[in-house]
Amino acid sequence: DSPKSEWRDLAVFPYGEEGGMVDFCGDGEHALMTSSVGRETTALTKVKLSDGSTTEVIAFNDKADCGGIMLDEDTKEVRAVSFNYARTERTFFDEELKGHFDRLEGMGPDKAEVSLVSKTRDEATWVVSFRRDDGPTEYSLYDTASHKLTPLFVSQPALSDYKFAHMEDVRIQARDGLELVAYLTRAKADTPTPLVLCVHGGPWARDFWGFNSAAQWFANRGYACLQVNYRGSSGYGKSFLHKGDKEWGVGAMQHDLTDAVKWAVDQGIADPENVCIYGGSYGGYACLAGLTFTPDLYKCGVDIVGPSNIKTLLDSIPPYWGPLRND
């Protein structure tokens, strides 16, 4: 289009679909976009600027939405795309880049997740981070020519002298067969302990693997902490997200939490007589619903700024938040 051309729609995402612009391609005739149209999860696609048609599906994952995208700063060629079902996974389109990441994974703390934080213009020097589940994130300088790694700092140095529990990514099957990704942090693995079911807010959000201060605080005091990405959580595609529609309180979203507790009991992780449900925002609502509708399951609960009445919650929404009512 010329600078004087009228604005026009390049892509339209109907209600329930997700996607957006990533960048223009180097040829000036295409753009990179994410889109869930025609599939369950968002994929990285190449779109023709002249008519908005998709000419290539570059990368996708059947279970998780498209995450971070690494591009060549000059050519705009795709170098890597990340996805996160339970842990970060990458699809590489640049073998040299893959080699660096493979090497870094062997140089950092065991099982840490490597991220490229920053780099010099010539890519000779990188700042990389190693995200751990049992300690603060570590930052280092990486020389791409010599492959030398030089420590820089840790995000919370005061924690470096302490021993923390590991976080396990686990799979839980809900009563209708739906697979749920969850994260379990516990100090003791040889005997059942009291359990804190920590429910994330949103509900259109999700929990991730990594160091979690609340989970570590619970584990330090002898509790197992279970964080569940129940249906309605984001990052797992549109069907998984919308399985939570109209399922608050007494529906399938709450059943997922109940099933997670029963799983922990069956696995010998949780003491069935000592289970707490804990959460903020939507997690607080789920806490109140759990104590109300499944009182025999929980010994106690902690509600942090959770709404107690959906009607008054919706009535309090300002006009410019109106579209949220549809969700």
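Refer to the structure presented above.
Residue positions within a chain follow its written sequence, with the count starting from 1. Residue-level local features of this predicted model are given only where pLDDT is at least 70; pairs of side-chain atoms are given and counted only at 80 or more, and the full residue set underlies all totals for whole chains, interfaces and linings. Side-chain metrics rest on all non-hydrogen atoms present in the structure, leaving aside hydrogens and water.

### Some details on the overall build of the protein chain
Step number 1: The helix and strand labels rest on DSSP assignments: H or I over at least four residues marks a helix, E over at least two residues marks a strand, and numbering proceeds from the N terminus. Scanning the protein chain from terminus to terminus reveals six helices and 17 strands.
Step number 2: Seen through its principal axes, the protein chain has C-alpha atoms that stretch 65 × 50 × 35 Å.
Step number 3: Within the protein chain, buried positions represent 41% of all 327 residues.
Step number 4: Taking the contacts inside the protein chain whose residues are at least 6 apart along the sequence as the reference set, 51% of them involve residues at least 24 apart.
Step number 5: Throughout, the Shrake-Rupley method with a 1.4 Å probe supplies accessible areas, and for residues the shown protein chains are the sole cover considered. Taken as a whole, the protein chain presents about 17,400 Å² of accessible surface, with 51% of it coming from carbon and sulfur.
Step number 6: When charges are counted, neither His nor the chain ends are considered; positive counts come from Lys and Arg and negative counts from Asp and Glu. All charge positions are set by atom: Lys at NZ, Arg at CZ, Asp at CG, Glu at CD. In the protein chain, which carries 33 positive and 49 negative side-chain charges, the distance between the mean positions of the two groups comes to 2 Å. Exposure is judged per residue with a 1.4 Å probe applied to protein chains only, and the accessible area is read against the type maximum: over 50% gives exposed, under 20% gives buried, and values in between give partly exposed. What makes two residues a contact is simply this: any of their non-hydrogen atoms within 4.5 Å.

### Here we look at the sheet that holds strand β3 (residues 43-48)
Backbone-to-backbone hydrogen bonds pair the strands of a sheet. The strands run either parallel or antiparallel.
Step number 1: For two strands to be treated as a pair, DSSP must find at least two bridges joining them. Read from one edge to the other, the open sheet built from four strands follows the order β1-β2-β3-β4, with strand pairing classed as antiparallel. The sheet is open, and its two borders are formed by β1 (19-24) and β4 (54-59), each paired with just one other strand. Adjacent strand axes in the sheet meet at a mean angle of 30°, parallel and antiparallel pairs treated alike.
Step number 2: Where β3 meets β4, four bridges bridge the pair, whose relative direction is antiparallel. Residue pairing for β4: V47 is matched across the bridge by T54. Angles run from 0 to 180 degrees between N-to-C directions of axes, and those axes are lines fitted to C-alpha atoms, restricted for helices to the stretch in contact.

### Topic: the pattern of salt bridges
Step number 1: Take a side-chain nitrogen of Lys or Arg and a carboxyl oxygen of Asp or Glu: if they are within 4 Å of each other, that pair is a salt bridge. Inspection of every chain in the model, using the stated rule, returns 20 salt bridges.
Step number 2: Salt-bridge contacts for E113 lead to R87; the nearest nitrogen and oxygen are separated by 2.8 Å. Of this pair, E113 sits in strand β8 (residues 113-119) while R87 is found in the loop between β6 (78-84) and β7 (88-92), placing the two residues 26 residues apart along the sequence.
Step number 3: Overall, E113 belongs to the buried group, its relative accessible area being 10%.

### Re a nonpolar patch on the surface
Step number 1: A surface patch of nonpolar side chains, amounting to about 260 Å² of accessible area, comprises L141, L152 and F153.
Step number 2: Along the chain, F153 falls in strand β11 (residues 149-154). Residues enter patches when they are more than 30% accessible in relative terms and free of salt bridges; like-charged ones are connected within 9 Å and nonpolar ones (Val, Leu, Ile, Met, Phe, Trp, Tyr) within 5 Å.

### Some details on unusual backbone geometry
Step number 1: G202 connects to P203 through a cis peptide bond whose omega is 5°.
Step number 2: Positionally, P203 belongs in the loop between β14 (193-199) and α2 (213-220).
Step number 3: In the Ramachandran plot, E123 falls in the positive-phi region, its phi being about 65° despite a non-glycine side chain.
Step number 4: The residue E123 is located in the loop between β8 and β9 (125-131) in this model.
Step number 5: Taking the relative accessible area as the measure of exposure, E123 reaches 22% and is therefore partly exposed.
Step number 6: Despite not being glycine, H147 has its phi angle at roughly 65°, a positive value.
Step number 7: The topology assignment puts H147 in the loop between β10 (138-143) and β11.

### Description of the nonpolar core
Step number 1: Each nonpolar core is a collection of buried residues, namely Ala, Val, Leu, Ile, Met, Phe, Trp, Tyr and Cys, held together in the definition by side-chain atoms within 4.5 Å. Judged by nonpolar contacts, the single largest core of 49 residues is most densely connected at I172, L197, L226, V228, L257 and Y298.
Step number 2: Leave out the neighbours within four places in its chain, and L197 touches L226, V228, L257, V261, C276, I277, Y278 and Y298.
Step number 3: In terms of nonpolar packing, the next biggest core, distinct from the first, is built from 12 residues, M70, A80, F92 and W126 among them.

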